[in-house]
Amino acid sequence: MAEYYIRTPDRDESRGPFTPEQLLTLVEAEQVDLDTLYYDDKREEWLPMGTNIELREKVFPKKESLKLKLDEPETPDKKTKKKAKKESAAKEKAKSTVTDMLATAEKESKTARHKRKQITSFRWATHLISNGLCLTMLLSAVTLLTPHLEVIKEVYSSQRMTLLLNHPLILLGIFDFLLCIFIYFGDRKLYPILRGRAMLTLGFGAYIGWALGDLNILLASVSFGIGIVWATLLKRFSITLLAVALSLAGGALLAYFSLSGHFDGLLDLISLELFIQE
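Residues numbered from 1 in each chain as written. Predicted model: local features only at pLDDT ≥ 70, side-chain atom pairs only at ≥ 80, totals over all residues. Heavy atoms only, no water.

Caption draft 1: Region of the structure containing the packing of aromatic side chains. Scanning all chains against the criterion turns up 5 aromatic pairs. Each ring, one from Tyr184 and one from Phe185, has its centre 5.3 Å from the other, and the planes form 85°; the classification is edge-to-face. It is Arg7 that lies over the ring of Trp46; its NZ or CZ is 4.9 Å from the centre. (Phe/Tyr/Trp six-rings, centres within 6.5 Å; stacked < 30°, edge-to-face > 60°. Lys NZ or Arg CZ within 6 Å of the ring centre and 35° of its normal.)

Okay, here's the thing in structure tokens:
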């Protein structure tokens, strides 16, 4: 059965949805008239109910003309009084039904609006996470790869890619770059892996910062890790914005330290000798 949202021409707030039978009740209660607007799904616009012939026939039926009786009115008796009492009770009941129906429709409309806001907020949050965390992981890749540019050039020139296994931070940087690409395309299945990656930076970076007495490295690592974990667990746009900003701030600060040579010599200490260059 078709259902309709309605509103008055002077208000933007809609009520509903109502079935034609419910609209008929509203008409009888003088809550709806031919000028009341209804939403046409096909045309996607608000139109006066009087312009819809099919709906008008259902909601505004033609009333039979009443013949005037010239006879003198009969003296009311008990039966007439009883009938009038029943009619009065029926009117009160109808009035109560209309009030309840309008209250229910108002509640459903508020619920629908709230749900639409939640969906919109979730979509914006998803878009923000995809772009924000993509940039965060790109900054992380820059942080890890920049101090090893000479090593990467030597490996490339020697064509011995196995030498990269001697430098786990280079592999981690490449991994971060790949994560950046997949997150950009909205692959939410990688979020658990991303959270684990964030905790690695949080723990390792915080330890390095604490061991060196460098508060900036410690705070940047904590901001990077907590921001990513927080962002991948939230669905509200406003809070997600704060989480992404936190991760970006940490990633940007770490990238700045790397580009400015703050990590020169430090990251080189984290290397292995699995393969020896000939």
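Caption draft 2: Layout of the pattern of salt bridges. Overall, the coordinates contain 2 salt bridges when judged by the stated rule. For Lys58, the salt bridge is made with Glu54, and the minimal N-O distance between the two is 3.7 Å. Remark: Glu54 and Lys58 occur in helix 2 (residues 53-59); sequence separation between them is 4 residues, near one turn of the helix. Owing to a relative accessible area of 44%, Lys58 belongs among the partly exposed residues under this scheme. Judged by relative accessible area, which is 53%, Glu54 ranks as exposed. Between Arg197 and Asp176 there is a salt bridge whose closest N-O contact spans 2.6 Å. Pair noted here: Arg197 is in helix 6 (residues 191-212) and Asp176 is in helix 5 (residues 168-184), with a separation of 21 residues, a long-range link. With relative accessibility at 5%, the residue Arg197 sits in the buried group. For Asp176, a relative accessible area of 0% puts it in the buried group. (Salt bridge = Lys/Arg side-chain N within 4 Å of Asp/Glu carboxyl O. Helix = DSSP H or I, 4+ residues; strand = E, 2+ residues; numbered from the N terminus. Buried < 20%, exposed > 50% of the residue type's maximum accessible area, 1.4 Å probe, protein only.)

Caption draft 3: Quick peek at the confidence of the model for the chain. Scored by pLDDT, the chain has a mean of 79; 74% of the residues are at 70 or more. Across the chain, element-level confidence peaks in helix 7 (residues 215-231) with a mean pLDDT of 94 and bottoms out in helix 3 (residues 78-145) with 71. Note on residues 64-72: pLDDT is under 50 here. Beyond four places in sequence and across chains, it has 0 contacts. (pLDDT = per-residue confidence, 0-100. Contact = heavy atoms within 4.5 Å.)

Caption draft 4: How the structure looks around the nonpolar core. Counting residues in each nonpolar core, the largest one holds 23 residues, and the members touching the most others are Leu133, Met137, Leu179, Ile183, Leu194 and Ile228. Elements with a contribution of two residues or more to this core: helix 3, helix 5, helix 6, helix 7 and helix 8 (237-259). Ranked by the residues each element gives to this core, the list is headed by helix 7, at 6 residues. Setting aside anything within four residues of it in sequence, one finds Ile183 in contact with Ile129, Ser130, Leu133, Cys134, Met137 and Leu194. (Core = buried A, V, L, I, M, F, W, Y, C linked by side-chain atoms within 4.5 Å.)

Caption draft 5: Layout of the sheet that holds strand 2 (residues 15-18). Judged by pairing direction, the sheet is antiparallel, and its 4 strands sit side by side in the order 2-1-3-4 without closing on themselves. This sheet does not close on itself; its edge strands, each paired only once, are strand 2 and strand 4 (45-48). Neighbouring strand axes in the sheet, compared pairwise and without regard to direction, differ in orientation by 35° on average. Pairing of strand 3 (residues 37-40) with strand 4, which is carried by 4 bridges, proceeds in the antiparallel orientation. Following the sheet pairing, Leu37 is matched in strand 4 by Pro48. Relative to strand 2, helix 1 (residues 20-28) is tilted by about 130°, and along the sheet it contacts strand 1 (4-7) and strand 2. (Pairing = 2+ DSSP bridges. Axes fitted to C-alpha atoms, helices over the stretch in contact; angles between N-to-C directions.)

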